[in-house]
Amino acid sequence: MTDASVSRLQFWTLYLSRFAGGFGSISLVILFPKLAAELGIEGVGAGLFYTVYTLAQTVMVVPLAWAGDRYDKRLVLVGTLLVGILTYGAFGFVSTEPQLLAVRAAQGIVFTGMGLMTLGLVGELATRGTRANRIGRANAAAFAASILGGLSAGFLYDYFDGAREVFLLIAGLYVVTFAATALLLSADDTRISGFPFSDLAVNRRILTLTSFRAQYAVAVTLVRNWIPFFAGYAAVNGGLAYPAFAVAVITVSEKFTNMLLQPFTGRLSDSAGRALFVFAGGGAYGLVALAVPFTPMVGEALGLPSSFPVVGAVSAAFVPLVLLNCGLGVADSFREPASMALFADEGSDGEGVASSFGIRELVWRPGSVIAPVVGGWLMANVGMDSVFYLGGGFALLGALTFLGVLWRFHGANALGEW
């Protein structure tokens, strides 16, 4: 089967699902600093908001991936979307920290199921020579949603002085996606018997990728979550206290560059070698992350403006922070489609592509579960800057470890051959 033999409608239906997942995810990232202030959440409690999300994902990765490979990925996706409708509707009615954490955990399950099934189906429908490009397009749809969702969340929160309307909008988007998936996406007839995790877990290439990904999870979890926190949290606690829309602009800047570049960088990695893109993107991400704490000093030194039309009153750090977040998006656009395609390559030849992506998710989980709690403790006891130093350091260490493992076990040419 070639890409040309697969209806474009199949891919576009999956891109819509990626769009819905990205829209909901970024909205919570944007709004959490405001929800935290309303509910009195701070310190380790703030870290738990991210930790319960990743814990729920961790618990559900194996059963969801196994179900997708063993049965029909389309049916699993449809069921996950139905749970998503209920989850985002419930977000509009939380009034206590335990309620918020419970619904946040449900969101983690929804996001995991949608991610595994959509990427598994894209990886299965695409050929090896176009796989990273197709995955890049799917990710671009998620980033487009992140941009629109982030700006919408910040604007609507400021306009309505509350978050309920935002969550109703997301629930409506999930209803549309549920209907489109149920009506337009063809059934998945691939069936993998047994328990494919057992074979894939000892796959040499997957183990090599794990040497990078396990450490990189700490970096991305800290940096991606704490940039909006840094921008929106109270100044007395080390933040910049920007209004919600300014936080949205900063956050989506990374999504914007990532969205623009991923189809292009994915196509490049299909032809130029994917391991090189993983190494270069991971290392660059770490270098940019280390510079984030210096944005206030850079802005002041350059005499940059402290207020902008629509965005409102901010500080001189606003422009440097937007530019650095754009740089993080550029760096990650080189890594992400190449990394995903490498995992899909290992699972698409009858081994179970959903399980391959499931292992990719499991490798991410330890770092993403522990990192938010560590970040919350560092923010409260050391300072906001230390979160970015730790995140940048883990990205650089992960890239260097990956290079060393490639060189040692796969040869000096593996960086350009994978």
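Keep in mind it's a predicted model, so treat the numbers as computed, not measured. (Residues numbered from 1 in each chain as written. Predicted model: local features only at pLDDT ≥ 70, side-chain atom pairs only at ≥ 80, totals over all residues. Heavy atoms only, no water.)

(A) Looking closely at the nonpolar core. Ranked by internal contacts, the top residues of the largest apolar core, which has 119 residues, are Phe32, Tyr174, Trp226 and Tyr242. Looking at this core element by element, the count peaks at 15 residues for helix H8 (residues 204-232). The next biggest cluster of nonpolar side chains, apart from the first, holds five residues, and it includes Ala140, Ile147, Val252 and Met259. (Core = buried A, V, L, I, M, F, W, Y, C linked by side-chain atoms within 4.5 Å. Buried < 20%, exposed > 50% of the residue type's maximum accessible area, 1.4 Å probe, protein only. Helix = DSSP H or I, 4+ residues; strand = E, 2+ residues; numbered from the N terminus.)

(B) Quick peek at the packing of helix H1 (residues 8-39) against helix H9 (residues 244-272). At a minimum axis separation of 10 Å, H1 and H9 run at an interaxial angle of 145 degrees. The element H1 and its partner H9 pack so that their crossing is right-handed. For the pair H1 and H9, contact is made by Ile26, Ile30 and Lys34 and by Ala244, Val247, Ala248, Thr251 and Lys255, respectively. (Axes fitted to C-alpha atoms, helices over the stretch in contact; angles between N-to-C directions. Left-handed = near helix turned anticlockwise from the far one by under 90°. Contact = heavy atoms within 4.5 Å.)

(C) Main features of the pattern of salt bridges. With the rule as written, the count across this model stands at five salt bridges. Glu254 serves as the salt-bridge partner of Arg224, at 3.4 Å between the closest nitrogen and oxygen. A residue pair is termed long-range when its members are at least 10 positions apart, and Arg224 in helix H8 and Glu254 in helix H9 qualify at 30 residues. Across the pair Arg335 and Glu336 runs a salt bridge, and its minimum N-O distance is 4.0 Å. You'll find Arg335 and Glu336 in the same group, each marked buried. Within this structure, Arg224, Glu254, Lys255, Asp332, Arg335 and Glu336 form a network of salt bridges that share partners. (Salt bridge = Lys/Arg side-chain N within 4 Å of Asp/Glu carboxyl O.)

(D) Just helix H2 (residues 44-70), in detail. With 27 residues, H2 should cover 39 Å at 1.5 Å per step; its first-to-last C-alpha distance of 39 Å lies within 8% of that length. If you look at H2, its biggest bend is around 40 degrees, right at Met60, and the proline Pro63 turns up within four residues after that. (Expected span 1.5 Å × (residues − 1). Bend = angle between axes of the 7 residues up to and from the residue.)

(E) The environment of Gly329, seen in detail. Tracing the backbone shows Gly329 in helix H12 (residues 318-347). Given the relative accessible area of 0%, Gly329 is considered buried. For the pair Gly329 and Lys255, spaced 74 residues apart in sequence, the C-alpha to C-alpha distance is 6.1 Å. Beyond its immediate chain neighbours, meaning those up to four positions away, Gly329 contacts Glu254, Thr257 and Asn258.

(F) Structural detail: the side chain of Arg74. Within the element layout of this structure, Arg74 appears in helix H3 (residues 73-91). Here Leu185 takes part through its backbone oxygen, which lies 2.7 Å from a polar atom of the side chain of Arg74. The contact partners of Arg74, leaving out residues within four places of it in the chain, are Leu121, Thr181, Ala182, Leu185, Ser186, Ala187 and Asp188. (Polar contact = N/O pair within 3.5 Å; in protein donor to acceptor, adjacent residues only side chain to side chain.)

(G) Broad picture of the environment of Gly375. Within the secondary structure layout, Gly375 lies in helix H13 (residues 353-381). Along the backbone, Gly375 and Ser386 are 11 residues apart, and their C-alpha atoms lie at a distance of 8.3 Å.

(H) Up close: a nonpolar patch on the surface. A contiguous nonpolar patch, built from Phe294, Met297, Val298, Leu302 and Tyr389 and spanning about 490 Å² of accessible area, is present on the exposed surface. Per-element accounting of the nonpolar patch gives the leading share, three residues, to helix H11 (residues 295-302). With respect to the secondary-structure elements, Met297 resides in helix H11. (Patch = residues over 30% accessible without salt bridge, like charges linked within 9 Å, V, L, I, M, F, W, Y side chains within 5 Å. Areas by Shrake-Rupley, 256 points an atom, 1.4 Å probe, with all protein chains shown as cover.)

(I) Looking closely at the environment of Asp345. Residue position: Asp345 is located in helix H12. It is 38 Å that separates the C-alpha atoms of Asp345 and Phe230, two residues lying 115 residues apart in sequence.

(J) Structural detail: the packing of helix H5 (residues 131-160) against helix H6 (residues 164-184). Between H5 and H6, whose axes approach to 8 Å, the crossing angle comes to 140 degrees. Classified by the angle between their axes, H5 and H6 sit oblique to one another. Across the interface between the two elements, Ala153, Leu156, Tyr157 and Phe160 from H5 touch Glu165, Val166 and Leu169 from H6. Residue classes in the contact of H5 with H6 are distributed as six nonpolar, no polar and one charged. (Parallel < 35°, antiparallel > 145°, perpendicular 65-115°, else oblique. Nonpolar A, V, L, I, M, F, W, Y, C, P; charged D, E, K, R; others polar.)

(K) Just the packing of aromatic side chains, in detail. Inspection of the entire model under this criterion finds 21 aromatic pairs. Pairing Tyr53 with Phe111 gives two aromatic rings, centres 6.3 Å apart and planes at 40 degrees, and the pair type is tilted. Placement of the pair is Tyr53 in helix H2 and Phe111 in helix H4 (residues 97-125), with a sequence separation of 58 residues. Given a relative accessible area of 9%, Tyr53 falls into the buried group. Taken together through their ring pairs, the aromatic side chains of Phe212, Tyr216, Tyr285, Trp364 and Phe402 make up a single cluster. Seen from the ring of Tyr53, Arg104 lies directly overhead, with NZ or CZ sitting 3.9 Å from the centre. (Phe/Tyr/Trp six-rings, centres within 6.5 Å; stacked < 30°, edge-to-face > 60°. Lys NZ or Arg CZ within 6 Å of the ring centre and 35° of its normal.)

(L) Highlighting H1. Spanning 32 residues, H1 covers 45 Å between terminal C-alpha atoms, matching the ideal 46 Å at 1.5 Å per step. Its maximal kink placed at Phe32, H1 deviates by approximately 45 degrees, while the proline Pro33 follows within four residues. In terms of burial, H1 is largely enclosed, as 24 of its 32 residues are buried. Just past H1, the residue Gly40 takes up positive phi, approximately 75 degrees.

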